[in-house]
Amino acid sequence: MRQRFLNRINFTDIALGIIGTALVGLIVVGSFKTLAEGNYTTRQWLDFVVFGIAQGSIYALIALGYTLVYGILRMINFAHSEVFMAGSFTAYFAAASMAKSGFLETNTFVAVLILFAIAMATSTAIGVLVERVAYRPLRRAPRLVPLITAIGASFVLQYTFKGLYGDQFKAYPEIDTLKGSYTWGDINITKVQVVVILSAAFLMLLLYLYVQFTKTGKAMRAVAEDKDVAALMGIDVDAIIVRTFALGAALAGAAGILYAITFRQVNFFMGFIPGIKAFTAAVLGGIGNIPGAMLGGIFLGLFESIGPILFLDGLNVPAPYQLKDVIAFSMLVLVLLFRPSGILGERLSRTKA
Amino acid sequence: MANILTAETVTKRFGGLTAVNTLSIEIPERSIYSVIGPNGAGKTTFFNCITGFYKPEEGDIVFNGRSILGLSSDQINIRGISRTYQNIRLFSNLTAIENLLVGQHPLMKATLFGPIFGTAATKREEKAALEESLRLLNFIGLAKKGDLLARNLPYGDQRRLEIGRALASKPKMLLLDEPTAGMNPNETEEMTKFIRHLRDELGITILLIEHDMRVVMGISEKITVLDYGEKIAEGTPKDIQGNQRVIEAYLGRGTAGQVNH
Amino acid sequence: MEQENTTSWWLTAIQLGLIGGVVAILASLIGMVESFHARDIIAGQISMGETLLLLIMIGFAYSSSRNEQSPISTRVTSGVITGVTISLTIVLFVMLGAVVNLRSIFVNASPTLYKILTLEISNTALAYVAIVVVGAIVSLAASLVHGATPFWKRVISSGFFIVLLLALLQDLIRITLTPFPFITEVLSWMFGRRGQEGLSILGAIVVFLIVAGVIYNDAKHGAARRARREALPEATKRTRRWVSWGLLGVFLLIWPRIAGPVLSDVTNSVGLYILMGLGLNIVVGYAGLLDLGYVAFYALGAFTMGVLTTTGGEIFFDVRWTFWEALPFAVIVAVLAGIMLGIPVLKIRGDYLAIITLGFGEIIRIMFLSDFLKPYFGGSFGIVSIASPTIGGIVLDSSQTLYYVILAACFVALFVAHRLRDSRIGRAWKAIREDEDVAQAMGINLTATKLLAFATGAAFGGLSGAIFAAKLSTVYPHSFTLITSINVLALIIVGGMGSLPGVIVGGLLLAGLPELLREFSEYRLLIFGILLIVMMLNKPEGFLPEAVHKREFHEDENLSHAAGG
């Protein structure tokens, strides 16, 4: 029995155990100290929570694109962050001209819908293009190959849009209708956050219904289960894959608008960080799992908005918000190490992973 | 004769599916032992349990008097178990010789600095390994094909190269997963001879998964039959041939009586 | 059936033409055409921007006329249809630009761009006709080449390529050959007059003729000459090999003198990229572990060098070591980081590995940038006054002297990578690249083997970073973005994953050219991205693929080599 126990232990496990314990220890000590010092009021914490949920719902929308494609191709769509950027960067010009003509203020609802339509259409076009160029011809190639083309595509898109629209940050117009906030007790929520959370929730519900109940949705699930069998059942696998990319891209386009009305700044490089974050969210929830991506997004948003202060402030780290990306990335590493299946995901077998 | 490998009540589950169920097997040293059964009976899963690719939930596997349960597959290879795969898995972009050299990996010592500084010991080791590869190449009948990339070899050669690669680590026991799959009768005949030769000349214990009944009945000393992960019969080829449960498992219940074997 | 075939080929031709037209317009709108217009290929006649458009036309017309089964007339017609469609698309775009102000969205839709596109003809109608005529002529020529004999294909394509290359590299050629007055004379005649860039018309024709002559000669006598060379005794062959290597060595040693300070500086950047490429090649090319955070090791090497040798600013560690004292530590820090990154990612494969390493690279950069570590690494201001290497009292602080340090480092790395490639550990890396599970079942310890790959790769990255710090004498976190990792990845993929000559050639092309052609550097990542895609789609093994090592029939040579060398 003792020998068997010794057999099972190896160097990697020990090293991982130490890393994990150290990080958890740091988090616990940091949180404890921060709370003990009590520098932050309940109201501030609640602000963080609301901000986290709003931010998280944007991540969730992008994450769905990763998860949909991964579910069906078992590949990470590296160019997805650029698909997100393309939509909101392109819609900027519509927003700017509508702001100029005053349409944005007089008919805010219609105007925002137009923005959504433009961003989603652009993103969808780009997403389908990426599938066509970087994934379709390489369906049977070794895994490294489509991964590298997707990285290539990501850079081509970034610098094409940089060339087209210039490299400056463009400031999205501020919509007066969406200024201000609602307050209930200690909870303070801005109108923009309300719009973000509600639209994200609505789109996610729509996606869920689509995948569960439409014919295409069912075909998607069949292809995700087993491409070859699905093809034998008469499903046009290529067409389903294109639709999956399109669906994910449309959601990313919508996320782009939500991002733009929250942060009011776009440029060609804006996709990179939200892209990785959203990917983290997808992994967090269990990649390939649609409700998982939604949950993972919200969770990551909360973690990122509360984490830096909660974990690091008590440890006297100056300017902890600068390290919020570090926290998100560390989170990704930890999840992949200790629970690669994510919160909701089933454990992928070794051949799949 | 002593047993080289003993599996005791090995059980492996995937979710709700029990792929191998309380399987116990004793494999005598220097024997040719076959595991047969219908598709999905858990034969390859059992192989994967022995080689450490899967960790069984229950039971124990003892090799050469020591438990190998929980060891990683590289450690198990070092203990003396080597294998081939049902769907050939060579290092396809390496040459045949390089495949054989990789096979000798656990027997060699060089790490970073030996090769970088070109020490005498490393050079001696490389030279010996190359000679051994050329010898193996001859042994498996691939002489003059050593510099071809593995993926460019014909099917039969790939099968033999895979066995050669498994032999390169000088194993005590060899696990062959359907070595004659996709071969014509002539090639099958040759492979059968080759397997017997491995045991007789090199003294290696052979554990075989095979679908071709003629091969199984021709060379095995002992056979275990699996169905739905459970052992349904065990014995010499003669015992198995007459076993009603085995025939049922292969042909489905009810039809067994009508079909003449 | 016949009907269907005939309709389909011209539809395909038009389709290709439309795609080509969109590509041409995109190239114009992202500003490539205009900024390339500043450089002439043929002095005063054809600019690089126009060449770009022509190349797009040629490429699409050529692939449109590709269908081997069709008769030559169909193929040529198809090519011309494609070319004319591209021209018409451009015409439409110009017409649109005249009506709508595209510039409010597309920053590069400038009047200059329209001027280039209309071939600087002021009469609109005439300009449109001219565009179409150019498209027709160019695509006709391109499709005719397709139908030509292999010999003429070779002459024309190599001739074009070499004229283009000479025109692009003329700065390099001029600077390098300044010491030789006679050649300078020839050059000033071959290239345009001073101030003009590009080949003169006569120069271009002469170059083209020379290339054609060489190819003709090779086609006629090349085979015989190679056979004669092959028949030489082994000893002579070996001597010749040594002489050519010796000449290369001498050339490398005197290069900074020829090149002068500016070109030496370019060479140094290329050298550092090659050094990183050699390291990443071990991780990606040999072991197949896609590492997108390679820049982290470069950063760690640079910051270690900075922290340990700086003599200015307010830095926490005030040790003021020399370059040589700090160098081993820079490498060791990188190696340790390599192992620390390696341990957590051991169990992670493929796509996940790429993302995690990318995250790791970002973490390192953000940490260096943060206020948290500012007391140690200077935050966004970085570290200044970093020591230069010295040899025997001589300070190697100029690009021409630092060159030798980089050259030596490259040679060390090349030697190590070469020695490891065919060693036990190198084979284990390749086995893991091919099939991780099988490699493990063959007795390869994945933990140790992968960690060795990360550590060796990191060592080269750290070395490169340390020299980089000394070269600039300052380091700051903004130098270490994902872009550097992608540059290095692109150069090993273009060269050929796992191939050592590939790393060198990839480095020269991908790190060298953008430095020499400042117009390129703005579109560097765009071009790299396109290269990554095109390479993976058409030539995933790279331009100089990893050599297949012959052992069986070179057994004697091999063994004697192993015993003797």
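These numbers come from a predicted model, not from an experiment.

Caption draft 1: Spotlight on the overall build of chain C. The helix and strand tally for chain C stands at 24 helices and 4 strands. Relative to the globule expectation of 24 Å for 565 residues, the C-alpha radius of gyration of chain C, 27 Å, shows essentially globular dimensions. C-alpha atoms of chain C, sized along the principal axes, occupy 75 × 65 × 60 Å. In chain C, which comprises 565 residues, the share counted as buried stands at 51%. A separation threshold of at least 6 residues defines the contact pool for chain C, and within that pool the share at least 24 residues apart is 73%. Accessible area of chain C: about 25,200 Å², with a carbon and sulfur share of 69%.

Caption draft 2: View of the interface of chain B and chain C. Taken residue by residue, the interface counts 44 residues in chain B and 37 residues in chain C. Summing the contributions of chain B and of chain C, the shared interface buries around 3,700 Å²; its carbon and sulfur component is 61%. One can count 4 salt bridges joining chain B with chain C. When the shortest N-O distance is used, the salt bridge between D435 of chain C and R89 of chain B registers 2.9 Å. Elements represented by at least two residues in the side of chain B that touches chain C include exactly α2 (73–79), α3 (96–103), α4 (113–117) and α5 (120–139) of chain B. The biggest single contributor to the side of chain B that touches chain C is α5 of chain B, with 7 residues. Within the side of chain B that touches chain C, the residues separate by chemical class into 20 nonpolar, 11 polar and 13 charged.

Caption draft 3: Seen up close, unusual backbone geometry. Phi is positive for T9 of chain B, close to 40 degrees, though the residue is something other than glycine. Here T9 of chain B lies in strand β1 (residues 3–14). Take T9 of chain B: its relative accessible area is 39%, and that puts it in the partly exposed class. Unlike most non-glycine residues, L119 of chain C shows phi in positive territory, near 60 degrees.

Caption draft 4: Main features of the interface of chain C and chain A. Each partner contributes residues to the interface: chain C has 49 residues there, and chain A has 54 residues. The junction of chain C with chain A conceals about 4,700 Å² of combined surface from both sides, 80% of it contributed by carbon and sulfur atoms. It is D351, Y352 and I355 of chain C that lose the most area in chain C upon contact with chain A, and together they represent 16% of the buried surface on that side. Our count for the chain C to chain A interface comes out at 0 salt bridges.

Caption draft 5: Geometry of a nonpolar patch on the surface. Residues and elements named next belong to chain C. Residues F180, F182, I183, V186, W189 and L202 make up a contiguous nonpolar surface patch of roughly 580 Å² in combined accessible area. The leading source of residues in the nonpolar patch is helix α9 (residues 181–190), at 4 residues. Turning to its location among the elements, I183 is positioned in helix α9.

Caption draft 6: Local environment of the domain arrangement of chain C. What the domain assignment lists for chain C is domain 1 (2–220) and domain 2 (257–485). When each unit is reduced to the centre of its C-alpha atoms, the spacing between domain 1 of chain C and domain 2 of chain C is 41 Å.

Caption draft 7: Looking closely at α3 of chain B. Along α3 of chain B, 8 of the 8 residues are buried, which leaves the element largely enclosed by surrounding structure. If you check which residues of α3 of chain B are buried, you get A96, I97, E98, N99, L100, L101, V102 and G103 of chain B. Considering only its buried residues, α3 of chain B is in contact with α5 and α6 (155–167) of chain B together with α17 (424–434) of chain C.

Caption draft 8: Structural context of the confidence of the model for chain C. When pLDDT is averaged across chain C, the result is 83; 94% of the residues are at 70 or more. The ipTM value of the predicted complex is 0.91, and its pTM value is 0.87.

Caption draft 9: Structural detail: the packing of helix α3 (residues 42–73) of chain A against helix α12 (residues 272–285) of chain A. Residues and elements named next belong to chain A. With their axes 8 Å apart at the nearest point, α3 and α12 run at an angle of 70 degrees to one another. Relative to α12, the element α3 lies roughly perpendicular. Within the contact between the two elements, α3 uses Y59, I62, A63, Y66 and T67 and α12 uses P274, G275, K277, A278, F279, A281 and A282. Looking at side-chain class alone, the contact of α3 with α12 contains 9 nonpolar, 2 polar and 1 charged residues.

Caption draft 10: Layout of the environment of R243 of chain A. Residue and element names in this part refer to chain A. Residue position: R243 is located in helix α11 (residues 237–263). With a relative accessible area of 42%, R243 lands in the partly exposed category. The spatial distance from the C-alpha of R243 to the C-alpha of G296 is 23 Å, given a sequence separation of 53 residues. If we ignore the near neighbours within four places in the chain, the residues touching R243 are T216 and M220.

Caption draft 11: Region of the structure containing the sheet that holds strand β8 (residues 205–209) of chain B. All names here are of chain B. Strand order in the open sheet formed by 6 strands is β6-β7-β8-β3-β9-β10, and the pairing between neighbours is mixed. Each of the sheet's edge strands pairs with one partner strand only, and the pair in question is β6 (81–83) and β10 (230–235). Averaged over all neighbouring strand pairs, the angle between strand axes comes to 20 degrees, with direction disregarded. Both strand β3 (residues 32–36) and β8 contribute to a ladder of 4 bridges, which runs parallel. Bridge pairing in β8 links I32 to I206. In the packing of helix α1 (residues 43–50) onto the sheet, contacts are made with β3, β6, β7 (173–177), β8 and β9 (222–227), and the angle to β8 comes to roughly 145 degrees. Those strands touched by helix α7 (residues 185–202) are β3, β7 and β8, and its axis lies near 155 degrees from that of β8.

Caption draft 12: Representation of the pairing of β10 of chain B in the model. Residues and elements named next belong to chain B. By the bridge criterion, 5 bridges tie β9 to β10 in an arrangement that is antiparallel. Of the residues in β10, the one forming a bridge with V225 is A233. Between β9 and the antiparallel strand that follows it, β10, lie 2 residues; Y228 among them carries a positive phi value of about 50 degrees.

Caption draft 13: Summary view of the domain arrangement of chain B. All names here are of chain B. The domain boundaries assigned to chain B delineate domain 1 (1–73 + 173–179 + 206–261) and domain 2 (81–170). Computed over C-alpha atoms, the centres of domain 1 and domain 2 are 29 Å apart. Carbon and sulfur atoms supply 58% of the area that domain 1 and domain 2 bury against each other, a total of about 1,100 Å² over both sides. At the boundary of domain 1 with domain 2, the tally comes to 1 salt bridge. The residue R83 makes a salt bridge to D177 at a minimum N-O spacing of 3.9 Å.

Caption draft 14: Here's a closer look at the packing of aromatic side chains. Enumeration according to the criterion identifies 37 aromatic pairs over all chains in this entry. Plain terms: the ring middles of F53 of chain B and Y54 of chain B are 5.3 Å apart, the flat faces sit at 50 degrees to each other, and that makes the pair tilted. Relative to F377 of chain C, the ring of F303 of chain C lies with its centre 5.8 Å away and its plane at 85 degrees, an arrangement referred to as edge-to-face. One end of the pair, F303 of chain C, is in helix α12 (residues 295–309); the other, F377 of chain C, is in helix α15 (residues 374–377), and 74 residues separate them in sequence. Given the relative accessible area of 17%, F377 of chain C is considered buried.

Caption draft 15: Expanded view of the confidence of the model for chain B. Counting all residues, the mean pLDDT for chain B is 86, and 95% of those residues have values of 70 or more. Counting contacts from residues 254–261 of chain B, a segment whose pLDDT is below 50, to residues more than four positions away or on other chains yields 4 contacts.

The rules behind each value
- Residues numbered from 1 in each chain as written.
- Chains lettered and ligands numbered in written order.
- Predicted model: local features only at pLDDT ≥ 70, side-chain atom pairs only at ≥ 80, totals over all residues.
- Heavy atoms only, no water.
- Helix = DSSP H or I, 4+ residues; strand = E, 2+ residues; numbered from the N terminus.
- Rg over C-alpha atoms; globule rule 2.2 N^0.38 Å.
- Buried < 20%, exposed > 50% of the residue type's maximum accessible area, 1.4 Å probe, protein only.
- Contact = heavy atoms within 4.5 Å.
- Areas by Shrake-Rupley, 256 points an atom, 1.4 Å probe, with all protein chains shown as cover.
- Buried area = accessible area lost by both parts, 1.4 Å probe.
- Salt bridge = Lys/Arg side-chain N within 4 Å of Asp/Glu carboxyl O.
- Nonpolar A, V, L, I, M, F, W, Y, C, P; charged D, E, K, R; others polar.
- Patch = residues over 30% accessible without salt bridge, like charges linked within 9 Å, V, L, I, M, F, W, Y side chains within 5 Å.
- Domains from an automatic or database assignment.
- pLDDT = per-residue confidence, 0-100.
- Axes fitted to C-alpha atoms, helices over the stretch in contact; angles between N-to-C directions.
- Parallel < 35°, antiparallel > 145°, perpendicular 65-115°, else oblique.
- Pairing = 2+ DSSP bridges.
- Phe/Tyr/Trp six-rings, centres within 6.5 Å; stacked < 30°, edge-to-face > 60°.

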